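Next come the chains, spelled out residue by residue.
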Amino acid sequence: WYNQYTAGRAIDDQIVLVAASGAYTLFGGDLDHADAITGIELAQGDRTIKLSPKQLRLLPFLHAKKAPDLAERALVFFKGSHELDPAQPWQAHVLVAGKSGGGAPLFARFTLDYRLPAAYLVKTAAPSADAAVGFGASDQGLGWRALWRAHPLKIAILVVALAVLSAILTLQDRLSRNRRLHRWVRLGFLCWTLVWLGWYAGAQLTIVNLLTYLHTLVTDFRWSYVLADPLVAILSVFTLAGLLVWGRAPFCGWLCPFGALQELANTVARRVRLRQLDIPEAVHRRLIWLKYLLFLGLVAASFLSWNLAMAGAEVEPFKAAIILRFMTEWPMVAYALALIAASLFVERFYCRFACPLGGGLALLGRLHILAPLKRRQECGSPCHLCENLCPVGAIKRTGAIDYSECFYCLDCQVTYYDDATCPPLVWRRRRERDEGGSLVPGAADAAKGAAQ
């Protein structure tokens, strides 16, 4: 939960949890219209820190196990340690307004002292032998090894799922020959990606991860940056390997929880016969450039101002829809729902046109080794069936597949192997019917019409 609430924030920001039960409210009843928080203020040294409603995020519940029953719960966010140094003692002042017996206003201040327990303070140690291979003292202090040891079951489930996905992509020919099996495998894996990987485990790669990795490569590389979250680290390594072999497709098409949410929503829309919008190829080819521009803009911004880049990263709906499961500020929820609504009419609308992470992965994956999706010489001339059936417009008029836009849904491969649907196969069956084959009545005419 800590990782979820810190997603997208600057690396030196601070968060304080304030929770209470009592006869007086700490935060007031109408935060949306308040100019300041009047029930509580923080003090450190000779500084008094008055809180603004913009610094607060009310919590629906306390996430800790066996948490006390506290009626008011909120996170207070500070921009860097210049506002509040968590390593130094500080005080919380509870402010209570009242009246004297004669009606004169009174103001009482109750103080709670706080000091961070020494067990949570990491002290700089002398460099060890590990430093020679990139594991410095600060890496040990962050305890990334302990985090890995704490989640053996989650790690095992993810590794098995990635092995299954590798088998699917490697053996896609066999899977594509069975339309029903392909559909069940595809929908089943997307459901696992959304529910377990996204909503349960919170392992959603974001543009923040990619920007962080780029910065560690060109500045001060530390393994702790990469290994701090075991599931995200494993996903990142698999995604990098996938870029070299298949391109962006393994992550964008199979392992992105928000992408899975969009595709599953579109599947339901198609089942209820919701009309799909047909984007002309010329318009489509222009719109796909938006995600590349957003990616390059965020990379440039991150080297100018990390906070500026983090503000721009809010273009991603991942935090609201996946990491926080829609339990966040209503503008972020409304934005995520609007993108999901768009995907009802245009499959994977956000992935195709506005995802900066997808744009970055597409650029990095242009030099992939394999291009295993099969095509025939009739593809593109005269047959355009797969082009028309491709749900994301990744097949060009020439019949060639644009792997930078392909999500490896394998729909075109299912059609490729279906001799009752693929026009070249249907025509071939018609030519061979005198040799003992029998053509499904009307199949050839239907195939020609679809191809045109």
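Up top you'll find the structure we're talking about.
Definitions and limits used
- Residues numbered from 1 in each chain as written.
- Predicted model: local features only at pLDDT ≥ 70, side-chain atom pairs only at ≥ 80, totals over all residues.
- Heavy atoms only, no water.
- Salt bridge = Lys/Arg side-chain N within 4 Å of Asp/Glu carboxyl O.
- Helix = DSSP H or I, 4+ residues; strand = E, 2+ residues; numbered from the N terminus.
- Buried < 20%, exposed > 50% of the residue type's maximum accessible area, 1.4 Å probe, protein only.
- Pairing = 2+ DSSP bridges.
- Axes fitted to C-alpha atoms, helices over the stretch in contact; angles between N-to-C directions.
- Parallel < 35°, antiparallel > 145°, perpendicular 65-115°, else oblique.
- Left-handed = near helix turned anticlockwise from the far one by under 90°.
- Contact = heavy atoms within 4.5 Å.
- Nonpolar A, V, L, I, M, F, W, Y, C, P; charged D, E, K, R; others polar.
- Expected span 1.5 Å × (residues − 1).

This next bit is on the pattern of salt bridges. According to the stated counting rule, one finds 13 salt bridges in the structure shown. Across the pair Lys79 and Asp13 runs a salt bridge, and its minimum N-O distance is 3.8 Å. Placement of the pair is Lys79 in the loop between β5 (72-78) and β6 (90-99) and Asp13 in the loop between α1 (2-6) and β1 (14-20), with a sequence separation of 66 residues. By relative accessible area, which is 15% here, Asp13 ends up buried. The closest approach of N and O atoms between Glu405 and Lys291, which form a salt bridge, is 2.9 Å. Of this pair, Glu405 sits in the loop between α19 (385-389) and α20 (411-417) while Lys291 sits in helix α13 (residues 289-304), and the two are 114 residues apart along the sequence. Assessed through its relative accessible area of 2%, Glu405 is described here as buried. One continuous salt-bridge network, built from bridges that share partners, spans Glu41, Lys50 and Arg109.

With that out of the way, let us pick up the sheet that holds strand β3 (residues 47-50). Backbone hydrogen bonds are what pair the strands of a sheet, in a parallel or an antiparallel way. Strand order in the open sheet formed by four strands is β3-β2-β6-β7, and the pairing between neighbours is antiparallel. In this open sheet, the two strands that pair with only one neighbour each are β3 and β7 (105-114). Across the sheet, the mean angle from the axis of one strand to that of its neighbour is 30°, orientation sign disregarded. Here β6 pairs with β7 via 10 bridges, running antiparallel. Within β7, the residue paired with His93 across the bridge is Thr111.

We now examine the sheet that holds β1. The three strands are arranged β1-β5-β4 in an open sheet whose pairing can be described as antiparallel. Both outer strands of the open sheet, β1 and β4 (56-58), are each paired with one neighbouring strand and no more. On average, each strand axis in the sheet is inclined to that of its neighbour by 25°, with strand direction left out of account. Summarising the sheet, β4 and β5 pair through three bridges and their orientation is antiparallel. What sits directly across from Leu56, in β5, is Val76.

Attention shifts here to unusual backbone geometry. Residue Pro382 is bonded to the preceding Ser381 through a cis peptide linkage, with omega at 10°. Its location among the elements puts Pro382 in the loop between α18 (356-364) and α19. One non-glycine residue, Arg273, lies in the positive phi region at around 65°. Here Arg273 shows up in the loop between α11 (257-271) and α12 (281-287). Of note in this structure, Arg325 is not a glycine but carries a positive phi near 50°. With respect to the helices and strands, Arg325 occurs in the loop between α15 (318-323) and α16 (330-345).

Attention now moves to the packing of α11 against α16. Interhelical geometry of α11 versus α16 gives an angle of 45° and a closest axis separation of 8 Å. For the element pair α11 / α16, the angle class is oblique. The way α11 lies across α16 gives a crossing that is right-handed. When α11 is examined against α16, the residues Phe258, Leu261, Gln262, Ala265, Asn266 and Ala269 are found in contact with a partner set consisting of Ala336, Leu339, Ile340, Ser343, Leu344 and Phe345. The residue makeup of the contact of α11 with α16, split by class, is nine nonpolar, three polar and no charged.

Turning next to α11. Its 15 residues place the ends of α11 21 Å apart at the C-alpha level, agreeing with the 21 Å of an ideal helix rising 1.5 Å per residue. Counting buried residues along α11, 12 of its 15 residues qualify, which places the element largely inside the surrounding structure. For α11, the set of buried residues is Pro257, Phe258, Gly259, Ala260, Leu261, Gln262, Glu263, Leu264, Ala265, Asn266, Thr267 and Ala269. Taken together, the buried residues of α11 touch α6 (179-200), α10 (249-255), α15, α16 and α17 (349-353). Once α11 finishes, Arg273 follows within two positions and takes phi at roughly 65°, a positive value.

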